[in-house]
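Spelled out, the chains give:
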Amino acid sequence: MSNYRIPSSVLSSIHHGCLLAAAGCALALVAAPAYADDYDATLKDIQSTMGGVPSFVKQFPKAGLPGAWAEVKAIELSDKTALPPKVKSLISLAVAAQIPCNYCIWSDTQDAKRAGASDEEIQEAVAMAALTRHWSTIFNGMQVDFDTFKKEMGGQ
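Cut-offs and rules
Residues numbered from 1 in each chain as written. Predicted model: local features only at pLDDT ≥ 70, side-chain atom pairs only at ≥ 80, totals over all residues. Heavy atoms only, no water. Phe/Tyr/Trp six-rings, centres within 6.5 Å; stacked < 30°, edge-to-face > 60°. Helix = DSSP H or I, 4+ residues; strand = E, 2+ residues; numbered from the N terminus. Buried < 20%, exposed > 50% of the residue type's maximum accessible area, 1.4 Å probe, protein only. Salt bridge = Lys/Arg side-chain N within 4 Å of Asp/Glu carboxyl O. Axes fitted to C-alpha atoms, helices over the stretch in contact; angles between N-to-C directions. Parallel < 35°, antiparallel > 145°, perpendicular 65-115°, else oblique. Left-handed = near helix turned anticlockwise from the far one by under 90°. Contact = heavy atoms within 4.5 Å. Nonpolar A, V, L, I, M, F, W, Y, C, P; charged D, E, K, R; others polar. Disulfide = S-S within 2.5 Å. Expected span 1.5 Å × (residues − 1).

S.K.: How should I be thinking about the packing of aromatic side chains in this particular structure?
M.R.: Geometrically, a pair of aromatic rings is defined through the distance of the ring centres and the angle of the planes. Following the criterion strictly, the structure yields 2 aromatic pairs and no others. Ring centres of Trp135 and Phe139 lie 5.8 Å apart, and the angle between their planes is 35°; on these two criteria the pair is classed as tilted. On the criterion of helical spacing, the pair formed by Trp135 and Phe139 is a turn pair, its members being 4 residues apart in helix α6 (residues 119-141). By relative accessible area, Trp135 is classed as partly exposed at 41%. These aromatic residues form a ring-pair network of at least three members: Trp135, Phe139 and Phe149.

Structure, rendered in structure tokens:
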């Protein structure tokens, strides 16, 4: 077994990091009532937006739900983003197919259809995800030189 010597500067950084984490936890505990208010308001917003609160939402950590919901509303559910809903659903479906996540695949397919995606567009999005994964596997597995790749593909 090897013995490792950890420099005191590293130990000091670790110690400071632990202190910061402990302070953050203490602040989170002190601010718990604010989280409860935010949590309740978030549940009400989910209810009004979705017409109900799915049971999985109540399994999510209470402290994180307001931020997670804000992110979903600002990106996925907003019509004030650069990408239209259909494109966002197709991207999400393509990623979900690669993860894979049956929950997301089902939900994103439904969302894409509601947003006007045809069966052909859904199939193509999934095929593009497969094609990207295929070539990524080849490039990475064969350790293709990235600088050469960029030059050959029209980059600088």
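S.K.: Is there a simple way to explain the pattern of salt bridges in this structure?
M.R.: Side chains bearing opposite charge may pair, as long as their charged atoms lie close to each other. Under the counting rule described, the total for this entry stands at 4 salt bridges. Close ionic contact of Lys73 with Asp45 constitutes a salt bridge, the shortest N to O distance being 2.8 Å. Separated by 28 residues along the polypeptide, Lys73 in helix α3 (residues 65-76) and Asp45 in helix α2 (residues 32-50) bring together distant segments of the chain. Its relative accessible area of 23% is what places Asp45 among the partly exposed residues.

S.K.: Teacher, can you tell me more about the packing of helix α4 (residues 85-98) against α6 here?
M.R.: Think of two packed helices as two axes; the pair is described by the angle between the axes and how far apart they sit. Packing of α4 against α6 leaves a shortest axis separation of 9 Å and a crossing angle of 45°. Between α4 and α6, the angle is such that the two are oblique. Where α4 crosses over α6, the two elements pack in a sense that is right-handed. Contacts between α4 and α6 involve Lys86, Leu90, Leu93, Ala94, Ala97 and Gln98 on the former and, on the latter, Glu121, Ile122, Ala125, Val126, Ala129, Ala130 and Arg133. Considered class by class, the residues forming the contact of α4 with α6 number 9 nonpolar, 1 polar and 3 charged.

S.K.: Just to check I follow, could you spell out the state of the cysteines for this structure?
M.R.: Cysteine pairs can be covalently joined through their sulfur atoms, and such a bond is termed a disulfide. Evaluated as defined, the whole model comprises 0 disulfides. A disulfide-free cysteine, Cys101 has its sulfur positioned 3.0 Å from the sulfur of Cys104, the nearest such atom. Classification of Cys101 as buried rests on a relative accessible area of 16%.

S.K.: When you look at helix α5 (residues 102-114) in this model, what are you seeing that I'm missing?
M.R.: An α-helical turn contains 3.6 residues, so a residue and the one three or four places further along point in the same direction. An ideal rise of 1.5 Å per residue puts 18 Å on 13 residues; α5 measures up with 18 Å between its terminal C-alpha atoms. On its buried face, α5 sits against α3, α4 and α6. Where α5 terminates, the next one or two residues include Gly116, which has phi positive at roughly 100°.

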